[in-house]
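What follows is the residue order along each chain.
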Amino acid sequence: MDYTRFLNELSANRKPFLLRELIKRNLASTVPITNFCNGSPNAETFPFKTISVELKDGVNFALKGSKLTEALQYTQSEGLPKLIKLLTDYQIELHHPPMKCEWSIIITAGCQDGLSKAFEMMLNRGDYVIGEEFLYSGVISTLKPYNVKHIKVKGDKDGMRPDSLRDVLGKWSPEDVRNKVNGIPKLLYIVPTGGNPVGTTTSAERRKEIYKIAQQYDLLILEDDPYYFIQFHQNKKAESFLSMDVDGRVLRFDSFSKILSGGMRLGFVTGPKPLIQKLVFHMQVSQIHTSTITQAIAYEILSIWGFDGFNKYAQRTALFYKKQRDLMLHYAKKWLTGLVEYNVPDCGLFLWIREIGRASCRERV
C-alpha cells in the first residue's frame, strides 16, 4: 500500500533522531558497545537496589543486577527488545496477521497514547473521521483541536452496521481516493469488542464486510481493542480486523490496562512498518520511550506465566466482569423494566441504557 495519503505534512516531515537510532543499533549489536553520544547516566548512581514484585497467584520475582540496570536505563523508542519479541509472538498466536507487507510493534503508555500519536500522524484540521455514532470520550477530546468532521455510522446490538457505513460514504465513489482535493475520508475508527461506551461487539460477518468497504474506499482502520481479553465467551473470541488485514490497512491498539493495571500505562500498537516507523519517530522526540520499569515488570510477568498462563488469567478476569455484568442486569431488570432499553453486552465494562421515549438524556446530566 501507498501510505502517502494517510500522512499529514507534519508526520511526512518526521525523520529519525540519530542518537535514538544509535541506541537501537547498540541494543541489536552482538558486541558490547560503549556509546558516548547519548549522555546516559551511570546506573551505579541510581538509588535502587532491588525491585521486588509479588503476585496474587504466589509468583514472586525481583529485578536486580543486569535486569534492574536494563529497567532503569534508556532503551530504544520502540520499547524493550525482549518485550517487543514477546508481544510479536502473542500477536502471531492470537491474530495470525496475514498482511503481505512487513509489520511491527511500538510499545506505548496505554491505548490512549498510541491513539493520540496516530491521530496526530494523520489528521489535518477539518478532516473527516468515520466512527460509530457514540465515540469513546477520550477520542472525542483528542479530536476536538483538529476540528474534525465526525461521520456517524449507525450501529445496533451487533455493532457497527456496514449498510450505514456504505450510506455515509455514498457522496463519494471509490475512484475519488485518487484525488486528494475532494476531501474523501481516510480514517475509520472503531472499538469493535465491548465498545466504549455502547458495550456492543461487532459481529464477525460485519467486520469482514467493513474491511471490504475499507478496501474499496482505501480507508485505514484504527482498531481500538482494549477489551479484547474481557470477552465473556473465551472459547470463541471475536475475529480481529488485524487477523483479516491482507493489505496492511489496520493499526491495532492493544492495552494491558484492563488486565494487569491501568496505572502501569502499558499498551502497544501493531501495524504496517511504514506507519509504525512514523509513530517511532514521534516517540523519539516526545516521551523517548514508554517507562522501562513498567515494561520490565510486564515482561517478567508474561514470561513466567507464558501464553497459556496469561490466557487463563485473562479468562478469570473476564469471569469477574461477567459476574459484575450479571449483577447489573439483575438490578436493571428489577428496577428499570419498562423505563429503559438495553442490549446485553458479551464483553467489556459497559451497559448502555436508553431511556424509553427520550432521544437525549443530556438535560438530566
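Here, every reference points to the structure presented above.
Small disclaimer: the values here were computed from a predicted structure and weren't measured. (Residues numbered from 1 in each chain as written. Predicted model: local features only at pLDDT ≥ 70, side-chain atom pairs only at ≥ 80, totals over all residues. Heavy atoms only, no water.)

1. Digging into the packing of aromatic side chains
By convention here, two paired aromatic rings are described through the distance between centres and the angle between planes. If you walk through the whole model with that rule in mind, you get 13 aromatic pairs. When the centroid spacing of 5.6 Å and the interplanar angle of 90 degrees are considered together, the rings of Tyr227 and Phe350 count as edge-to-face. Of the two residues, Tyr227 is situated in the loop between β9 (220-224) and β10 (250-255) and Phe350 in the loop between β12 (340-342) and β13 (353-355); the sequence distance between them amounts to 123 residues. A residue is classified by how much of its surface remains accessible, and Phe350, at 25% relative accessible area, is partly exposed. (Phe/Tyr/Trp six-rings, centres within 6.5 Å; stacked < 30°, edge-to-face > 60°. Helix = DSSP H or I, 4+ residues; strand = E, 2+ residues; numbered from the N terminus. Buried < 20%, exposed > 50% of the residue type's maximum accessible area, 1.4 Å probe, protein only.)

2. Some details on the environment of Ala204
Residue placement: Ala204 occurs in helix α8 (residues 204-216). Separated by 34 residues in sequence, Ala204 and Ala238 place their C-alpha atoms 6.6 Å apart.

3. So, the pairing of strand β8 (residues 187-190)
The alternating pattern of β8 places Leu187 and Tyr189 on one face and Leu188 and Ile190 on the opposite face, and all of these are buried. Relative to β8, strand β4 (residues 128-132) runs parallel, the two sharing two bridges. When the bridges of β8 are listed, Ile130 appears paired with Leu188. Bridge count for β8 against β9 is four bridges, and the pairing is parallel. Bridged to Leu188 within β9 is Ile221. Handedness of the crossover joining β8 and β9 through α8 is recorded here as right-handed. (Pairing = 2+ DSSP bridges. Right-handed = clockwise from strand over helix to strand, strands pointing away.)

4. Examining the packing of helix α4 (residues 81-95) against helix α10 (residues 292-336)
Relative to each other, α4 and α10 sit at 30 degrees, their axes nearing to 10 Å. As summarised for this structure, α4 and α10 are arranged roughly parallel, according to the angle between their axes. For the pair α4 and α10, the crossing hand works out as left-handed. Residues Lys82, Leu83, Leu86, Leu87, Tyr90, Glu93 and Leu94 of α4 touch α10, and the partners they reach there are Gln295, Tyr299, Glu300, Leu302, Ser303, Gly306, Phe307 and Phe310. Class assignment for the residues of the contact of α4 with α10 results in nine nonpolar, three polar and three charged. (Axes fitted to C-alpha atoms, helices over the stretch in contact; angles between N-to-C directions. Parallel < 35°, antiparallel > 145°, perpendicular 65-115°, else oblique. Left-handed = near helix turned anticlockwise from the far one by under 90°. Contact = heavy atoms within 4.5 Å. Nonpolar A, V, L, I, M, F, W, Y, C, P; charged D, E, K, R; others polar.)

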